[in-house]
Amino acid sequence: MKIGVLALQGAVREHRNMLQKLGAETVDVLTPKDLEGIDGLVLPGGESTTVGKLLLRYNLLEPIIQLGRKGLPVFGTCTGLILLAKHINGSDQLRLGLMDMHVERNAFGRQLASFEADMQIPVLGTEPFHTVFIRAPYIEKVGETVTVLLEHEGKILMAEQANFLVAAFHPELTDDTRLHGYFMKKCKK
Ligand code: GLN
């Protein structure tokens, strides 16, 4: 299985390591050609306004939108979640806009710019998952076709819709491979 990791910004190496640990071959995506033959695509964290502009400049925005519409599994963490959302509250920044959800950026307030917590994520089993949030967004509301996978204090933090999976936190910054494993199962279908 070959998984692309968008390599414009963010924790590219950490995602790559996780996927390789689980037996996937990986490719850093910087050009449209890098998208050829991949079975899935990971969109790492970073700064979503910057990554949106870079996607356009590197001619990746439209090709990824097309592949996503055709069913390519895409896993977005943090900035990746923001880029996948159709609606970004108060912002007209560039995006892929493939998932029917409203997101709020930098939504945990300044004092909570970065925090960690153990959370129960039913689809990953009974063992709590250590979640790392860095200037994280949350999902305010989702459309009917989106399944909520984690909600905490009224904020949706993980969701999926058909071939798309998103998390507001950074699973690549832990040693827990379960979430990447969950994504890779989507890539096999
Ligand atoms: N605050 C960032 C944004 O708006 C996301 C932060 C992250 O990816 N860790 O894009």
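Everything that follows concerns the structure shown earlier in this document.
Quick summary incoming for the structure in this document. These numbers were taken from a predicted model, which means no experiment stands behind them.

Reading guide: rules and limits
Residues numbered from 1 in each chain as written. Predicted model: local features only at pLDDT ≥ 70, side-chain atom pairs only at ≥ 80, totals over all residues. Heavy atoms only, no water. Near = heavy atom within 4 Å. Polar contact = N/O pair within 3.5 Å; in protein donor to acceptor, adjacent residues only side chain to side chain. Areas by Shrake-Rupley, 256 points an atom, 1.4 Å probe, with all protein chains shown as cover. Nonpolar A, V, L, I, M, F, W, Y, C, P; charged D, E, K, R; others polar. Helix = DSSP H or I, 4+ residues; strand = E, 2+ residues; numbered from the N terminus. Contact = heavy atoms within 4.5 Å. Buried < 20%, exposed > 50% of the residue type's maximum accessible area, 1.4 Å probe, protein only. Arc of directions from axis to C-beta. Salt bridge = Lys/Arg side-chain N within 4 Å of Asp/Glu carboxyl O. Pairing = 2+ DSSP bridges. Right-handed = clockwise from strand over helix to strand, strands pointing away. Core = buried A, V, L, I, M, F, W, Y, C linked by side-chain atoms within 4.5 Å. Lys, Arg positive; Asp, Glu negative; His and termini not counted.

1. Notes on the site of the ligand
So, point 1. Around the ligand, the structure places Gly 45, Gly 46, Glu 47, Ser 48, Cys 78, Thr 79, Ile 82, Arg 105, Asn 106, Ile 134, Arg 135 and His 170.
So, point 2. In the environment of the ligand, an oxygen atom lies 2.8 Å from a nitrogen or oxygen atom belonging to the side chain of Thr 79.
So, point 3. The contact in question runs from an oxygen atom of the ligand to an N or O atom on the side chain of Arg 105, over 2.7 Å.
So, point 4. Protein contacts shield 95% of the accessible area of the ligand, which totals 300 Å² for the unbound molecule.
So, point 5. Grouping the amino acids of the shell around the ligand by side-chain chemistry returns three nonpolar, six polar and three charged.

2. Details of the side chain of Thr 79
So, point 1. In this fold, Thr 79 is placed in helix α4 (residues 79–84).
So, point 2. Reaching out from Thr 79, the side chain makes a polar contact with the backbone nitrogen of Ser 48 at a distance of 3.2 Å.
So, point 3. Setting aside chain neighbours within four positions, we find Thr 79 in contact with Pro 44, Gly 45, Gly 46, Glu 47, Ser 48 and Val 51.

3. Regarding helix α1 (residues 12–21)
So, point 1. What α1 keeps buried is the set Val 12, His 15, Met 18 and Leu 19. Down the axis of α1, the buried side of the element spans an arc of 130 degrees, and every buried residue falls inside it. Exposed side chains of α1 directed beyond 90 degrees from the buried face belong to Arg 13 and Lys 21.
So, point 2. Close packing links the buried residues of α1 with β1 (2–6), β2 (25–29), β3 (40–43), β4 (74–77) and α5 (178–188).
So, point 3. Following α1 by one or two positions, Gly 23 has its phi on the positive side, about 95 degrees.

4. Focus on the pattern of salt bridges
So, point 1. One pass over the full model with this rule turns up five salt bridges.
So, point 2. Residue Arg 105 is joined to Glu 47 by a salt bridge in which the shortest nitrogen-to-oxygen separation is 2.7 Å. Highlighted residues: Arg 105 in the loop between β6 (99–104) and β7 (114–119) and Glu 47 in the loop between β3 and α2 (48–57), separated in sequence by 58 residues.
So, point 3. Arg 105 gets classed as partly exposed once you look at its relative accessible area, which sits at 22%.
So, point 4. With a shortest N-O distance of 2.7 Å, Asp 176 and Arg 178 are connected by a salt bridge.

5. Description of the pairing of β1
Remember that side chains alternate between the two faces of the sheet whenever the strand is regular.
So, point 1. For β1, a buried count of four out of five residues is recorded, marking the element as mostly surrounded by other parts of the structure.
So, point 2. In terms of strand pairing, β1 meets β2 through five bridges, oriented parallel. The partner of Lys 2 across the bridge, within β2, is Glu 25.
So, point 3. With α1 bridging β1 and the parallel β2, this β-α-β connection has right-handed handedness.

6. Let's talk about the nonpolar core
So, point 1. Counting 65 residues, the largest nonpolar core has Leu 55, Leu 96 and Leu 179 as its most contacted members.
So, point 2. Of the residues forming this core, the biggest block, five residues, is contributed by α5.
So, point 3. Discounting residues that sit within four places of it in the chain, Leu 55 has contacts with Leu 6, Leu 8, Leu 60, Leu 61, Ile 64, Leu 83 and Leu 96.

7. Section: the side chain of Glu 172
So, point 1. In this structure, Glu 172 sits in the loop between β12 (164–167) and α5.
So, point 2. For the buried Glu 172, which has no salt bridge, the nearest side chain bearing the opposite charge is Arg 13, at an N-O separation of 11 Å.
So, point 3. Here His 15 takes part through its side chain, which lies 3.5 Å from a polar atom of the side chain of Glu 172.
So, point 4. Of the polar contacts made by the side chain of Glu 172, one reaches the side chain of His 170; its length is 2.8 Å.
So, point 5. Each residue touching Glu 172, except ones within four places of it in the same chain, is listed here: Ala 11, Glu 14, His 15, Met 18, Thr 77 and His 180.

8. Examining the environment of Glu 116
So, point 1. Relative to the elements of secondary structure, Glu 116 occurs in strand β7.
So, point 2. Sequence separation between Glu 116 and Phe 183 is 67 residues; the distance between their C-alpha atoms is 22 Å.
So, point 3. Other than its neighbours up to four places away in sequence, Glu 116 contacts His 130, Thr 131 and Val 132.
So, point 4. Reaching out from Glu 116, the side chain makes a polar contact with the side chain of His 130 at a distance of 2.6 Å.

Geometric values such as these leave the question of function open.
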